[in-house]
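# Commentary on secondary and tertiary structure
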Amino acid sequence: MTKKIGFIGYGLRSRTMMKAFAAIEADIRVIAIVDPRAEQIRVETADDTRFQDTIYVESAEALLNMDALDGVFIGTRCSLHADLASKVLASGIPLYLEKPVCISEEQYARLNAASSGKTDRAVVSFPLRVSPLVREMKRIVDSGLLGKLTMVQ
């Protein structure tokens, strides 16, 4: 079943996620994007069928008011993550959030309140855990070659 997603911010991290989805042949369609670089993104994605019906909207609120979104990715500047994530969580749409999730104690308090009872609706990006280097490190640790690890720094 095709998953219909929206992006709030379509920069390097968002493009990287789309490459990862392509690698696993995920059935995804990008329904909407909020990004001030809309025209540039249109050109960059012109040959990608996952973007053939993409609508470019002016605000996160406009995106969140669209019907039939199966998920929203936030890939904006770090200072915007917490407030945008709070809006997505309030909408009930599943959220994929780039890190850091917040950059101040005030943002943390707002995001913590917004996420209460909704943590099953959100995923935070930890791309290094699937990087080739980290996967190789995990393979070595799991092999027992290093013995029993008690601390890593």
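Attention in this report is confined to the structure presented alongside it. (Residues numbered from 1 in each chain as written. Predicted model: local features only at pLDDT ≥ 70, side-chain atom pairs only at ≥ 80, totals over all residues. Heavy atoms only, no water.)

## Remarks on the pairing of strand 4 (residues 71-74)
- Here strand 4 shows no split at all, with Gly 71 and Phe 73 on one side and Val 72 and Ile 74 on the other all buried.
- Bridge analysis of strand 1 (residues 3-8) against strand 4 gives four bridges, and the strand direction is parallel. Looking at the pairing, Gly 6 lines up with Val 72 of strand 4.
- Regarding the hand of the β-α-β motif, the stretch spanning strand 4, helix 4 (residues 81-91) and strand 5 (residues 95-97) is right-handed. (Buried < 20%, exposed > 50% of the residue type's maximum accessible area, 1.4 Å probe, protein only. Helix = DSSP H or I, 4+ residues; strand = E, 2+ residues; numbered from the N terminus. Pairing = 2+ DSSP bridges. Right-handed = clockwise from strand over helix to strand, strands pointing away.)

## Considerations on the side chain of Thr 54
- Turning to its location among the elements, Thr 54 is positioned in the loop between helix 2 (38-44) and strand 3 (55-57).
- Polar side-chain contacts of Thr 54 include one of 2.7 Å to the backbone oxygen of Val 30.
- Among the polar contacts made by the side chain of Thr 54, one reaches the main-chain carbonyl oxygen of Phe 51 at a distance of 3.1 Å.
- In contact with Thr 54, other than residues within four places in its own chain, are Val 30, Ile 31, Ala 32 and Ile 33. (Polar contact = N/O pair within 3.5 Å; in protein donor to acceptor, adjacent residues only side chain to side chain. Contact = heavy atoms within 4.5 Å.)

## A closer look at the packing of aromatic side chains
- Scanning all chains against the criterion turns up five aromatic pairs.
- Ring geometry for Phe 21 against Phe 73: centres 5.8 Å apart, planes inclined by 85°, an arrangement best described as edge-to-face. A residue pair is termed long-range when its members are at least 10 positions apart, and Phe 21 in helix 1 (residues 12-23) and Phe 73 in strand 4 qualify at 52 residues. For the pair Phe 21 and Phe 73, one class covers both residues: buried. (Phe/Tyr/Trp six-rings, centres within 6.5 Å; stacked < 30°, edge-to-face > 60°.)

## Remarks on the packing of helix 4 against helix 5 (residues 105-115)
- Contact geometry of helix 4 with helix 5 gives a least axis separation of 9 Å together with a crossing angle of 10°. Taken together, helix 4 and helix 5 sit at an angle that is classed as roughly parallel. Contacts between helix 4 and helix 5 pair Ala 82, Asp 83, Ala 85, Ser 86 and Leu 89 from the former with Gln 107, Arg 110, Leu 111, Ala 114 and Ser 115 from the latter.
- Across the contact of helix 4 with helix 5, the residue classes tally to five nonpolar, three polar and two charged. (Axes fitted to C-alpha atoms, helices over the stretch in contact; angles between N-to-C directions. Parallel < 35°, antiparallel > 145°, perpendicular 65-115°, else oblique. Nonpolar A, V, L, I, M, F, W, Y, C, P; charged D, E, K, R; others polar.)

## Regarding the sheet that holds strand 2 (residues 28-34)
- Pairing is parallel in the open sheet, where six strands are placed in the order 3-2-1-4-5-6. The open sheet has two free edges, formed respectively by strand 3 and strand 6 (122-124), since each of these has just one partner strand. Direction aside, the axes of adjacent strands within the sheet are offset by 20° on average.

## Quick word on the nonpolar core
- Counting 23 residues, the largest nonpolar core has Ile 8, Leu 63, Leu 69, Val 72, Ile 74, Val 88 and Leu 95 as its most contacted members.
- Elements that contribute at least two residues to this core include exactly strand 2, helix 3 (60-64), strand 4, helix 4, strand 5 and helix 5.
- Examining the composition of this core, we find that five residues originate from one element, helix 4, more than from any other.
- Dropping the residues within four chain positions of it, Leu 95 is found in contact with Val 72, Ile 74, Ala 85, Val 88, Leu 89, Arg 121, Ala 122 and Val 123.
- Ranked by size, the runner-up nonpolar core spans 15 residues in total, among them Phe 7, Met 18, Val 30 and Phe 51. (Core = buried A, V, L, I, M, F, W, Y, C linked by side-chain atoms within 4.5 Å.)

## What to know about the pattern of salt bridges
- As enumerated under the stated definition, the model contains eight salt bridges in all.
- Taking the shortest distance from any N to any O, the salt bridge between Asp 35 and Arg 37 comes out at 3.6 Å.
- A relative accessible area of 14% means that Asp 35 is categorised as buried.
- Note that Asp 83 and Arg 110 form a salt bridge whose closest N and O atoms lie 3.0 Å from each other. Pair noted here: Asp 83 is in helix 4 and Arg 110 is in helix 5, with a separation of 27 residues, a long-range link.
- Residue Asp 83 is classed as partly exposed on the basis of its relative accessible area of 35%. (Salt bridge = Lys/Arg side-chain N within 4 Å of Asp/Glu carboxyl O.)

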